[in-house]
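Here are the chains, one letter per residue:
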Amino acid sequence: MTRKYELKRRAEQQAATRQRIVEATVALHEAIGGEATTIAAIAERAGVGRLTVYRHFPDERALLTACTGHYLALNPPPDPAAWAGIADPATRLRVALGEAYVYYRRTAGMLARAEQEAPTNPILADLMAPFAAFWESVRDGLVQGWGCADAPEPILVAAVGHALAFSTWRSLVQEQGLEDGQAADLMVALVRCAPWHDDT
């Protein structure tokens, strides 16, 4: 019984140590970026030695995989099911943008870091690919119902994709000073007025 208790306690301690390392890494990545984050800095923030970090995470992929999973678990993107049942496409887009922009506001620091560093970090780019695919699927759902006879027009797809982009939110809200709701309203108006309609 004592042996089992000791093994359980050790496993719990190892899990807690691993979690501290992950949390320390996420905090540093958000504050100073992955490129500037060193193993020594992670170890110091987590209160462990450098070898302990390597013992839990022997390479960059293992560490980034754990950190990405942890961050997205704490900050899941909006659930498209929340607006999928809205029949009017403009209303559905407005609701979706409202939720997306709230999400971007909450995660802006980390998303900006990832956007900046992914082009030069193949591991990060690989780990962020499912996140990008998620937003593409959201876009594909939101272009439905706008009255296109067959497939959605490329301009419609581009307009909705632009409206959903983190870079669009950053430009309108952080740089131009709009509120989230104002930015969402503007993007719905853009999609409505974009020359994708077949008026012939």
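These remarks concern the structure in this document.

## What about the pattern of salt bridges?
Moving on, step 1. The tally for this structure, following the rule as stated, stands at five salt bridges.
Moving on, step 2. Two residues, Arg94 and Asp185, come together in a salt bridge whose shortest N-O distance is 2.5 Å. Remark: Asp185 occurs in helix α9 (residues 180-193) and Arg94 occurs in helix α5 (residues 89-117); sequence separation between them is 91 residues.
Moving on, step 3. Its relative accessible area of 28% is what places Arg94 among the partly exposed residues.
Moving on, step 4. A residue is classified by how much of its surface remains accessible, and Asp185, at 43% relative accessible area, is partly exposed.
Moving on, step 5. When the shortest N-O distance is used, the salt bridge between Arg170 and Glu115 registers 2.5 Å.

## Examining helix α8 (residues 166-175)
Moving on, step 1. Those residues of α8 that fall on the buried side of the exposure criterion are Phe166, Thr168, Trp169, Leu172 and Val173. Projected down its long axis, α8 carries its buried residues within an arc of 155°, all on one side.
Moving on, step 2. Check the buried side of α8 and you find it contacts α5, α7 (154-164) and α9.
Moving on, step 3. Two residues or fewer past α8, Gly177 is found with a positive phi of approximately 85°.

Basis of the calculations
Residues numbered from 1 in each chain as written. Predicted model: local features only at pLDDT ≥ 70, side-chain atom pairs only at ≥ 80, totals over all residues. Heavy atoms only, no water. Salt bridge = Lys/Arg side-chain N within 4 Å of Asp/Glu carboxyl O. Helix = DSSP H or I, 4+ residues; strand = E, 2+ residues; numbered from the N terminus. Buried < 20%, exposed > 50% of the residue type's maximum accessible area, 1.4 Å probe, protein only. Arc of directions from axis to C-beta. Contact = heavy atoms within 4.5 Å.

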